[in-house]
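What the coordinates show
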Amino acid sequence: MSKKIKAALISVYYKDGLESIVRQLVKLGVTIYTTGGTREFIEKLGLPCIAVETLTSYPSILGGRVKTLHPLVFGGILGKRDDEGHLKEMKEYNIPEIDLVIVDLYPFEETVKNTTDEKMIIEKIDVGGPSMIRAAAKNYYDVLVVASKENYAGLETILTQQNGETELAERREFAAKAFNVCTGYDLAISNYFNATAFNNPFSNHKTVLRYGENPHQQATFYGDLKDNFDQLNGKELSYNNLVDIDAAINLSGEFAGTNDDCMFAIIKHTNVCGITLRDSVHEAWEAALACDPESAFGGVLITNKIIDKETALAVNELFFEVLLSPGYDPEALEILKSKKNRILLKQNKNQLPVQQIRSVLNGALAQQTDVGNFLEWNESGGRIASENEKENLRFANIICKHLKSNAIAIVKNKQLIGKGCGQTSRIDSLKQAIQKAGQFKFEIQDAVLASDAFFPFDDCVTIAHEAGVTAFIQPGGSIRDKDSIKYCVDNNLVMVLTAMRHFKH
């Protein structure tokens, strides 16, 4: 469906690259409607244009805050050219058909970077611009929208090689780009206003990534990565790297400042597949790797201690994507840099957001971050947990919190020896955890088990006890809690109820 550009509305903040487009429009006999600074720019070129104020018979008011928000402007953009009712109204009210909208947006992100003056920042929140862009993009059946100077080259091709005629597929492609511009702009504004409420998890930086979760998906990171870490070696971080790094840092944060134990963890597809607490970083690495050496391949590694030479030599034997540490001894860093693509990050002390945001349907969900291990420590089994069991139960519950639901973690001697996650049945997760422990020759006898949610029946505690588990921790809250509690009482097993569920989807 070909459309000839006969009238254009141009209102841009950035004038670079505009001259050749305006000259070509004039050459094609296109009527140009324009505003303020853009009108002055075109008139200085000695080219004809019509001020929007002339069209609307209404001046720019409120210091320029209101100039294009008028039915004669938006009617010309939104009017459907194949709708007799629309055409009749447009003729009745002398609304011109606008076929091309060239509009960019006030430099909100640049202003935030360059000043802390909120009044100046607020004035750079564009209202008319996004409205015109969205209107034109919505009506792409009839209107071509150009929302960024990055798209001028494509427009010039249409003007010079196609004599100003556009096809539906072209208009739709430009519309998609326009909506992307508006989305990024709105997100930057949202991030600015929510900075305090979200404990400033975002900045107004953005990094275009190589691709998203898969190669055919585009992706951008909004935020300043340097707040989180310094990259010392390796290739550009990918979308999946960042997702796993986020999971690793959130897990590591559970052990910040709690004790002197060395924590080492291995993350794969956001799930922890190996984690231990030990006296030295090298011991912690060896024990973490032993948890599941198969899954560790290509994983993201994190520790809360400085990497020394001995540990670097051991870690260097494994293929992994990313290693995060608060620091590296010089010799250790030299060893680890032997692989040029290996990503080495020096973690900074950056407080994580207190809220999480996820896009859902045509909107977004926001929730408080899951903070804490347990609300209560209600020992309801057949005996009281020993101090060693309590330490392992607390450790297991934290691990379980960072596994995808349904989640089961089996722990012994502060080492994850079996885990099940992401299963639709809690029994399946339990069987997976037991199978993992057996696969790598771990002895389950006298181990402890954590579940991210309650046991609705006694089947899980029965199966786990038969495998050797002697202590359990779970939130409770099922109407049939008494079933699993009774089994533990009858079999002299520890059962701790925490009143704190840790679902993770």
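Placed above this text is the structure.
If you're wondering where the values come from, they're calculated on a predicted model, not measured in any experiment.

For His282, the position within the fold is in helix 12 (residues 281-291). According to the relative accessible area criterion, His282 is buried, its value standing at 17%. Within the structure, the side chain of His282 is placed 3.4 Å from the side chain of Glu310, a separation counted as a polar contact. The residues touching His282, leaving out its near neighbours within four places in the chain, are Glu310, Thr311 and Ala314.

With respect to the helices, strands and loops of the structure, Pro215 is situated in the loop between strand 8 (206-208) and strand 9 (220-222). A residue is classified by how much of its surface remains accessible, and Pro215, at 63% relative accessible area, is exposed.

Moving on, we get to helix 16 (residues 387-401). Its 15 residues place the ends of helix 16 21 Å apart at the C-alpha level, agreeing with the 21 Å of an ideal helix rising 1.5 Å per residue. The buried fraction of helix 16 is high, at eleven of 15 residues. Within helix 16, burial applies to Glu389, Lys390, Asn392, Leu393, Phe395, Ala396, Asn397, Ile398, Ile399, Cys400 and Lys401.

Trans peptide bonds make up most of the peptide bonds, and negative phi angles are found at most residues other than glycine. A cis geometry characterises the amide bond from Ser405 onward to Asn406, with omega recorded as -10 degrees. Turning to its location among the elements, Asn406 is positioned in the loop between helix 16 and strand 19 (408-411). Residues other than glycine seldom take positive phi values, yet Asn163 does so here, at roughly 60 degrees. In this fold, Asn163 is placed in the loop between helix 9 (152-161) and strand 7 (165-166).

The next thing to look at is empty space enclosed by the protein. Evaluated as defined, the whole model comprises two cavities of 30 Å³ or more. One number sums up the size of the largest cavity: a volume of about 40 Å³. Forming the boundary of the largest cavity are Cys273, Cys291, Asp292, Leu416, Ile417, Gly418, Lys419 and Lys436. No other element matches strand 20 (residues 416-420), which puts four residues into the lining of the largest cavity. In the lining of the largest cavity, the residues fall into four nonpolar, one polar and three charged. Taken as a whole, the second largest cavity encloses approximately 30 Å³ of empty space. In terms of lining residues, the second largest cavity is bounded by Lys3, Lys4, Ile5, Asp99, Asp142, Val143, Leu144, Thr166 and Arg171.

With that settled, the discussion passes to helix 17 (residues 426-439). The end-to-end C-alpha distance of helix 17, which contains 14 residues, comes to 20 Å, matching closely the 20 Å that a straight helix rising 1.5 Å per residue would cover. Contact partners of the buried residues in helix 17: helix 13 (293-296), strand 19, strand 20, strand 21 (448-451) and helix 18 (459-467). A side-chain oxygen of the first residue of helix 17 lies 3.2 Å from the backbone nitrogen of Ile427; this N-cap is Ser425. Once helix 17 ends, the next one or two residues include Lys441, with phi positive near 65 degrees.

Enumeration over the complete set of coordinates arrives at 19 salt bridges. Here Lys436 makes a salt bridge to Asp292, at a shortest N to O gap of 3.0 Å. Residue Lys436 is found in helix 17, and its partner Asp292 is found in the loop between helix 12 and helix 13; the two are separated by 144 residues along the sequence. Overall, the relative accessible area of 16% leaves Lys436 in the buried class. A salt bridge links Arg383 to Glu389; its shortest N-O distance comes to 2.8 Å. Residue Arg383 is classed as partly exposed on the basis of its relative accessible area, which comes to 25%. Glu389 gets classed as buried once you look at its relative accessible area, which sits at 9%.

The six strands are arranged 18-23-22-21-19-20 in an open sheet whose pairing can be described as mixed. Each of the sheet's edge strands pairs with one partner strand only, and the pair in question is strand 18 (378-379) and strand 20. Where strand 19 meets strand 21, four bridges bridge the pair, whose relative direction is antiparallel. Its bridge partner being in strand 21, Ile410 is matched across the sheet by Leu449. Where helix 16 meets the sheet, it contacts strand 18, strand 19, strand 20, strand 21, strand 22 (471-474) and strand 23 (494-497), and its direction lies at approximately 35 degrees from that of strand 21. Relative to strand 23, helix 19 (residues 481-490) is tilted by about 145 degrees, and along the sheet it contacts strand 22 and strand 23.

Before going further, it helps to spend a moment on the sheet that holds strand 5 (residues 100-103). Taken together, the five strands give an open sheet; going across it, the order is 4-3-2-5-6, and neighbouring strands pair in parallel fashion. Sheet topology places strand 4 (50-51) and strand 6 (144-146) at the edges, where each strand pairs with a single neighbour. Inspection of the sheet shows strand 2 (residues 7-11) paired to strand 5 by four bridges, in the parallel sense. Its bridge partner being in strand 5, Leu9 is matched across the sheet by Val101.

Definitions and cut-offs
Residues numbered from 1 in each chain as written. Predicted model: local features only at pLDDT ≥ 70, side-chain atom pairs only at ≥ 80, totals over all residues. Heavy atoms only, no water. Helix = DSSP H or I, 4+ residues; strand = E, 2+ residues; numbered from the N terminus. Buried < 20%, exposed > 50% of the residue type's maximum accessible area, 1.4 Å probe, protein only. Polar contact = N/O pair within 3.5 Å; in protein donor to acceptor, adjacent residues only side chain to side chain. Contact = heavy atoms within 4.5 Å. Expected span 1.5 Å × (residues − 1). 1 Å grid on protein atoms, 1.4 Å probe; cavity = no way out; pocket = protein on both sides within 12 Å on 5 of 7 lines; lining within 4 Å. Points joined across faces, edges and corners; volume = space filled by probe spheres on them. Nonpolar A, V, L, I, M, F, W, Y, C, P; charged D, E, K, R; others polar. Salt bridge = Lys/Arg side-chain N within 4 Å of Asp/Glu carboxyl O. Pairing = 2+ DSSP bridges. Axes fitted to C-alpha atoms, helices over the stretch in contact; angles between N-to-C directions.

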